[in-house]
Each structure stands twice: as C-alpha cells, then as structure tokens.
There are 2 protein chains.
Amino acid sequence: MVASTDVLVEGRHFRTDWSSGYDVGRKAAAANLADVVAMGARPTALLVGLACPGELSVSWVEALADGLAAECALLHASVVGGDVVAAPVITVAVTALGDLQGRAPLTRSGASPGDRVIVTGVPGAAAGGLALLEAGRSDHPLVSAHRRPTPDYAAAQRIADGASAMIDVSDGLVADLGHVARASGVRIEIAAARLPMTPELDSAGRLLGVDPVVWALTGGDDHGFAATVPRPLDGSGVATIGAVLEVVPGESPGVVVIDADVPARTGHEHFPSPPSRSGS
Amino acid sequence: MVASTDVLVEGRHFRTDWSSGYDVGRKAAAANLADVVAMGARPTALLVGLACPGELSVSWVEALADGLAAECALLHASVVGGDVVAAPVITVAVTALGDLQGRAPLTRSGASPGDRVIVTGVPGAAAGGLALLEAGRSDHPLVSAHRRPTPDYAAAQRIADGASAMIDVSDGLVADLGHVARASGVRIEIAAARLPMTPELDSAGRLLGVDPVVWALTGGDDHGFAATVPRPLDGSGVATIGAVLEVVPGESPGVVVIDADVPARTGHEHFPSPPSRSGS
C-alpha cells in the first residue's frame, strides 16, 4: 500500500471568500488522491484532520465533508476517519491510503533517456485562476480551475501501466519534473510550445498581461499528472510535451525549457534551482 | 491494516513556553501510535503534516522531528513522509499506520458482561501536569506527564491478545470507556478507589486542592490504555479498576463510577452525558 499526506491552510491554499467549503473539500481530497494515483495505486481511504475556529459555521464544515466525499466517490474511495480540533485558522490535513494491488509503486526515479514526457489536463490553469481572483476577476471561467481542480484520474490510471515515472503536478511543471529529473539522474527537456492551451487560459493570460506558459511552468495546484513513458501513448487528455535525455557532461540533472515560440525566452532556459513552494 | 489521525494545535494541545519541540514530537507520535496499538495492530509508519509560522526556529522543528522519531523507535516504526506548510499557529497533524498481521482489529464493541476493566499507567497524570502548569507550578515532577506522556505500549500489546475491547485514554476514563460502553451495549462500573495512585499525583492534588480522581475520570492526554478482558490479567503496569455489567432495564449503556472512598461522591455517580472534548 501507499500513503500520502497534504495540508491545506486558510489564507495560503484557499480563502473562504474565494472558495466554498465544498470547493475546499474537493481540492483537499484531489490533492491527496492524485498523489496516490501518481504512485500507480488505487486510492481506498482518506483520513481527515480538521482544525478550525469555533465560530466557523456548521454548514461550511458539512459542505467540506460533502466535497471530500464527492471527490473520493470518483475513485470509489471514502473518508474513513479523522479528527476535529479548535484552531484560529482553518487547516485541513488529509492523508490518503492506496492499494498497489501487488504491483511495485511508480516512483520518480524510473525516467530513462529516450522516454517521452507527457501531461494530463491543462497545466497552469489553477495558477491562472488564482491570478484572476487576486486581480479581482472572479467572473472569469478559469477561476474554477483554482477553486476545484479536476485531475484526470482515468487518464493517469491508463498512463500508470506503461509509465517509467509519474508525479502529480502541484508546484508547476519545472519544480515537479525537476524531482523526476534529479531522482532519475536525467535531463528533461520541455517544449513550451507543446503545452496544452485552452481559450480560457489564453484569455486569462491576455486579460492579465501574463504569458500562460509561466503559470504552467511555475504555478501550482493543478494536481494533474506528468509522466515519462518509453512508448508513445495514445488516448484523449494526454499531451506529449518533451523528452528525457542523458545528462550533458558538466551539467546536473534538471529541467530545461525549450521555447522557440515565446520571443522573450528564445533558445534554452535553464532552471538549476527551480522555484519550489513549501506545501508540495 | 489500520490507520489513525490526530491533530495537535499550539495553544490548545501544547504551548511552546511549556513544551519543547521534542516534547511535542514525542506527544504527537504517542497519541497516534497509542491509537494503533489500541486496535491490536503493530505501528509501522507515521505521516506528519506540519503547519507553522515562517519565523518558527529551525531548531524547534528539528527537535520536533527528533521527538517523533524517538517515540516511533520505541515501536520500531518510522516517519515515512509528510508535508510542511506555512500557517499562523503550529499545527501537527499525524497519521499512523499499523499492521494487524492478519488478525481482526480490536474494537470498542467487544465488551461483554462479566469482563474486567483494566488500565495501564496512571490515568489523570497528564491532566494533573497540565493543571500544575496552568497554576504556575512548572517545578513539580508531574508536569512531565503532560509534556511527554509515556503510554505503556508493551503492556498494551500484552493485553491486546486477550482483550474483548481496548481504547487509548485521551479524553479521560469516563469519556473513553463511555465509547466502549455504548459501542458494546453494556454498563461499565469503575471503582474510583481502585484507580492507580502515585506520590506525584497525590502531591499535585494536595498542592492544587483537587481530588486527583477527577483528573483520571475526566482529564485527557495520558494516552494510556483501557481494556475489557474476559479473564484476569497478570503482569506489572496493569490495574483492574472495574467490571462490565448488563444494562439495567430502563437505563442506557454508559459508565458508572462507584466511589465509596471520596465522601463528596458517595454511592453512584452517573455520567449519562460524559464530558467530551473535540480532538479526541
């Protein structure tokens, strides 16, 4: 079996004026369920530690529980226990358990030169949604990607069978694929131009004057999946965005972004110390 | 396997001026390990979610990690993962996993009329220690029982083999045995005079003008063990404090304290609604 734990804190990972209790429940469950799925396991159970102020409304907590249960139901998992304590800020600590069903866990260390790099979903959508909320544009459709990320569990489960390494993207592609690159001792090259793009992401970028590629590379909380695969992978919802290469003599393992389409970032961009967030 | 989660919050479960990081680590691990042991399982792994202010010293966090590891080492378990996030107050969310090694879990619902009620350790010691700290008597030896409870895991593992029900005492005997009584549909009678007493507990009670029996019956955080056993149980560190009876017609399952030795509480004392704390 595998286990994963993630802590969400009010004011840092969510704001009660931007997200409902239901949204926070969906997101807290998704963050943990995605971790378990990324290890190639079937999520079975969630334990939830909730610390919150006494004046928090019961309906908010009930909505949180509903959100946790709804996200679990997508994977036939359930909340099996927990703990509730008083605290000055809402803190949701979730631990997810998963069953490997006899298989070895899928780790970050299996990427080999020659593998393709694939992603599910739309990396950067959650970061774009957060940027919109921070800019007061809560009317934009992309904010739902921050409030309630929708990891493509089915695609990840399909990928898991043939992947050499997999990770859920909670800190942005550069940071998270950086974990894979260092654990595997390889160089990972991403083509920014191959990152999935949607009209909503494009519109949010233009609205805020931000290149959405930056959200995809450095933004967190999508909880989509990135994987390295030895063979091409068909199927909807999966995009090939790069390749695994041998480490060039004199360089360290890491992620390199090739970006011919963004003038300000021509040629190579190296991220020897990718921006990382606590809370990943 | 079994899993248990507990959340400790600064200001509620500990104060940094009363407990070191090491103390909090020991206590956070003990609270969860005891839950797992009380289910008859062998603790294997801890996951730790830590939310804390950025200005918290690194040495405090390192001491916390040392305390968690030291308590785990008592049971050959270890911390296998976690998450660290920023938050205004220190919050330690621990999940413990345990291996039942093929046996059925020991639950709260197996107590039968005729069973004896036994406890390990000294119920009320942690509550007495906390009362001393609140009264400014940090020099008293009993305060260590609050700072760093010492569940008798070995005794609990010995008891588990022959117990019909077991629970770790985190909310006081009345509340915790109340869970057993209601889950088992029985009446549990405790003789207050049979509760373990130590010179430290006695001295703390006299110092503060409190009957230590009150701490044992209603105080939390000892993380010792209470169990019901069909046969007498020998061995050190275990005290028989009561018996399991059939529910009297017209009464609900619950805990009754018989206390011939405390004049203010002669005869029977009923706790139809035992005081309970969130966070158990």
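Per chain, the residues get numbers from 1 upward, laid out in the order the sequence is written. Lettering of chains starts at A and numbering of ligands starts at 1, both following the order in which they are written. In keeping with the model being predicted, local features are shown solely for residues with a pLDDT of at least 70 and side-chain atom pairs are shown and tallied solely at 80 or more, while totals for entire chains, interfaces and linings include all residues. With hydrogens and water stripped out, all remaining heavy atoms of the structure feed into the side-chain values.

### Some details on the overall build of chain A
Next up, step 1: Counting from the N terminus, the helices are the DSSP runs of H or I reaching at least four residues and the strands are the DSSP runs of E reaching at least two. Scanning chain A for helices and strands turns up eight helices and eleven strands.
Next up, step 2: Overall size of chain A, expressed as C-alpha extent along the three principal axes, is 55 × 50 × 35 Å.
Next up, step 3: Counting the 280 residues in chain A, one finds 55% classified as buried.
Next up, step 4: Note on contacts: a residue pair qualifies if any of its non-hydrogen atoms lie within 4.5 Å across the two residues. Taking all contacts inside chain A whose residues are at least 6 apart in sequence as the whole, residues at least 24 apart take part in 85%.
Next up, step 5: Note on areas: Shrake-Rupley with a 1.4 Å probe; residue coverage comes only from the protein chains shown. Summing over all exposed atoms, chain A offers an accessible surface of approximately 11000 Å²; the carbon and sulfur share of this is 53%.
Next up, step 6: Only four residue types enter the tally: Lys and Arg on the positive side, Asp and Glu on the negative side, with His and both chain ends excluded. Where a charge lies is defined by one atom per residue type: Lys uses NZ, Arg uses CZ, Asp uses CG and Glu uses CD. Once the 19 positive and 31 negative side-chain charges of chain A are each reduced to a mean point, those two points are 3 Å apart. Working definition: with a 1.4 Å probe on protein chains only, accessible area under 20% of the residue-type maximum means buried, over 50% means exposed, and in between means partly exposed.

### Re the sheet that holds strand β4 (residues 91-99) of chain B
Residues and elements named next belong to chain B.
Next up, step 1: In space, the four strands of this open sheet follow the order β1-β4-β2-β3, with mixed pairing throughout. Of all strands in the sheet, those bounded by a partner on one side alone are β1 (2-9) and β3 (78-86). Taken pair by pair, the neighbouring strands of this sheet meet at an average axis angle of 15°, ignoring direction.
Next up, step 2: One bridge is not enough; two strands pair if DSSP finds at least two bridges between them. The sheet contact formed by strand β2 (residues 42-52) and β4 spans nine bridges and is antiparallel. For Gly49, the partnering residue across the bridge sits in β4 and is Ala93.
Next up, step 3: Between N-to-C directions, angles span 0 to 180 degrees; the directions come from axes that are lines fitted to C-alpha atoms, helices contributing only their stretch in contact. Helix α2 (residues 58-73) contacts β2, β3 and β4 of the sheet and is inclined by roughly 165° relative to β2.

### Overview of the pairing of strand β1 (residues 2-9) of chain A
All names here are of chain A.
Next up, step 1: Of all eight residues in β1, seven are buried, a share of seventy percent or more.
Next up, step 2: Across eight bridges, β1 lies against strand β4 (residues 91-99) in antiparallel orientation. Pairing of Leu8 across the sheet is with Val92, part of β4.

### Points about the interface of chain B and chain A
Next up, step 1: At the junction of the two partners, chain B supplies 29 residues and chain A supplies 29 residues.
Next up, step 2: Simply put, the buried area is the total loss of 1.4 Å probe accessible area from both parts when two parts are fitted together. Around 2000 Å² of area is buried between chain B and chain A when both sides are counted, 73% of it from carbon and sulfur atoms.
Next up, step 3: The term salt bridge refers to a pairing of a side-chain nitrogen on Lys or Arg with a carboxyl oxygen on Asp or Glu at a separation within 4 Å. One can count zero salt bridges joining chain B with chain A.
Next up, step 4: Nitrogen and oxygen atoms within 3.5 Å of one another constitute a polar contact, given that in protein one can donate a hydrogen and the other can accept it, and given that sequence-neighbouring residues count only through two side-chain atoms. One can count three residue pairs in polar contact (both at pLDDT 80 or more) joining chain B with chain A.
Next up, step 5: Of all the secondary structure elements, the ones that give two or more residues to the side of chain B that touches chain A are β1, β2, β3 and β4 of chain B.
Next up, step 6: It is β1 of chain B that provides the largest number of residues to the side of chain B that touches chain A, a total of six residues.
Next up, step 7: Any residue outside Ala, Val, Leu, Ile, Met, Phe, Trp, Tyr, Cys, Pro, Asp, Glu, Lys and Arg is labelled polar, Gly included; the first ten of those are nonpolar and the last four are charged. Here the residues of the side of chain B that touches chain A are counted per class, giving 16 nonpolar, ten polar and three charged.

### Focus: the relation of the copies chain B and chain A
Next up, step 1: Superposition of chain B onto chain A requires a rotation of 180° combined with a translation of 0.0 Å along the rotation axis, giving an RMSD of 0.0 Å. In short, the pair behaves as if placed about a two-fold rotation axis. Relative to the rotation axis, the C-alpha of Ala93 of chain B is the closest in chain B, positioned 3.2 Å from it. Our superposition of the copies is a least-squares fit, built on the C-alpha atoms of residues whose pLDDT is at least 70 in both.

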